[in-house]
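What the coordinates show
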Amino acid sequence: QSARGTGYASGVRPEQWQAIKKYSEQANGYLQKAMSLDPKSALPHAIFITLSGKGESVGGRTVLQWQQAADQVDPKNMAARIQSMNYLSPRWGGSFEILDKMVADADKSLSSATEHYLKYNLVIAKASHYEVIEKDKAKAQELYKQAQTICTNSETARAGMLRTY
């Protein structure tokens, strides 16, 4: 992130993109090594999802392919699924259908409490999308209310309901 900065991607200079590419290539090697040392860990996959979601296919896979690989390595993983919530959203070229399927498929391998948490994160992601991207306050309000029913002490849902009232 220090190579890119914190501004908009359109403001990143060519030499910054070169540094990002260099660091991504280094990370690829380290993550491949981590996967060989602990083949049952989905954590390297979650990091690959973040790197791939930043605009490049890293390690020869897309975000969705890394997500699917993480599920094969560790069907109970949450790190890769949570990372995927952002990068498989419509904002980054994904869809809510993909995310809905990911959550439905997780039902087969996760405990009910963990699946509940994943569903909550999906509803929050949808609410945020409708609030910020679609500018549909009514739909966002409905989704924040749904999130509040899933997690009654959610500050995120409560704040979203206030912003979209």
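For clarity, every value in this text was computed on a predicted model and none was experimentally measured.

**Details of the overall build of the protein chain**
- Looking only at helices and strands, the protein chain features eight helices and zero strands.
- Along the protein chain, helices (α) and strands (β) appear in the sequence α-α-α-α-α-α-α-α when read from the amino end.
- Considering only contacts within the protein chain whose residues lie at least 6 apart along the sequence, 46% involve residues at least 24 apart.
- Accessible area of the protein chain: about 10000 Å², with a carbon and sulfur share of 55%.

**Side note on the packing of aromatic side chains**
- In the structure shown here, the tally under the stated rule is three aromatic pairs.
- Consider the rings of Phe 48 and Trp 66, whose centres lie 4.0 Å apart with planes at 5°: the pair is stacked. Linking Phe 48 in helix H2 (residues 43–53) with Trp 66 in helix H3 (residues 63–73), this pair joins segments that are 18 residues apart in sequence. Across the pair, Trp 66 and Phe 48 agree in class, each one buried.
- Measuring from ring centre to ring centre gives 6.4 Å for Tyr 87 and Trp 92, while their planes differ by 50°; the resulting arrangement is tilted.
- Trp 92 gets classed as partly exposed once you look at its relative accessible area, which sits at 46%.
- Taking the ring centre of Trp 66 as reference, the NZ or CZ of Arg 61 above it sits at 4.6 Å.

**Notes on the pattern of salt bridges**
- Tallying each qualifying case throughout the model produces nine salt bridges.
- We note a salt bridge from Lys 101 to Asp 105, for which the minimum N-O separation is 2.7 Å. Of this pair, Lys 101 and Asp 105 both sit in helix H5 (residues 96–106), four residues apart, which is roughly one turn of that helix.
- Overall, Asp 105 belongs to the partly exposed group, its relative accessible area being 32%.

**Some words on the packing of H5 against helix H6 (residues 112–133)**
- In contact at an axis separation of 10 Å, H5 and H6 are set at 170° when each is read in the N-to-C sense. The orientation of H5 relative to H6 falls into the category roughly antiparallel. Along its contact with H5, which presents Phe 96, Leu 99, Asp 100, Val 103 and Ala 106, the element H6 presents Leu 118, Lys 119, Leu 122, Ala 125, Lys 126, His 129 and Tyr 130.
- Here the residues of the contact of H5 with H6 are counted per class, giving eight nonpolar, one polar and three charged.

**Looking at the confidence of the model for the protein chain**
- In the predicted model, the protein chain carries a mean pLDDT of 90, and the fraction of residues at 70 or more is 98%.
- Ranking the helices and strands of the protein chain by mean pLDDT puts helix H7 (residues 137–150) first, with 96, and helix H1 (residues 14–37) last, with 88.

**Some words on the packing of H1 against H2**
- It is the contact of H1 with H2, at a shortest axis distance of 9 Å, that shows an interaxial angle of 160°. Comparing their axes, H2 and H1 come out roughly antiparallel. Every pair of crossing elements has a handedness; the one defined by H1 and H2 is left-handed. Every residue of H2 that contacts H1 at Ser 24, Ala 27, Asn 28, Leu 31, Gln 32, Ala 34 and Met 35 is listed here: Pro 44, His 45, Ile 47, Phe 48 and Leu 51.
- A breakdown of the residues in the contact of H1 with H2 according to their chemical character gives eight nonpolar, four polar and no charged.

Conventions we followed
- Residues numbered from 1 in each chain as written.
- Predicted model: local features only at pLDDT ≥ 70, side-chain atom pairs only at ≥ 80, totals over all residues.
- Heavy atoms only, no water.
- Helix = DSSP H or I, 4+ residues; strand = E, 2+ residues; numbered from the N terminus.
- Contact = heavy atoms within 4.5 Å.
- Areas by Shrake-Rupley, 256 points an atom, 1.4 Å probe, with all protein chains shown as cover.
- Phe/Tyr/Trp six-rings, centres within 6.5 Å; stacked < 30°, edge-to-face > 60°.
- Buried < 20%, exposed > 50% of the residue type's maximum accessible area, 1.4 Å probe, protein only.
- Lys NZ or Arg CZ within 6 Å of the ring centre and 35° of its normal.
- Salt bridge = Lys/Arg side-chain N within 4 Å of Asp/Glu carboxyl O.
- Axes fitted to C-alpha atoms, helices over the stretch in contact; angles between N-to-C directions.
- Parallel < 35°, antiparallel > 145°, perpendicular 65-115°, else oblique.
- Nonpolar A, V, L, I, M, F, W, Y, C, P; charged D, E, K, R; others polar.
- pLDDT = per-residue confidence, 0-100.
- Left-handed = near helix turned anticlockwise from the far one by under 90°.

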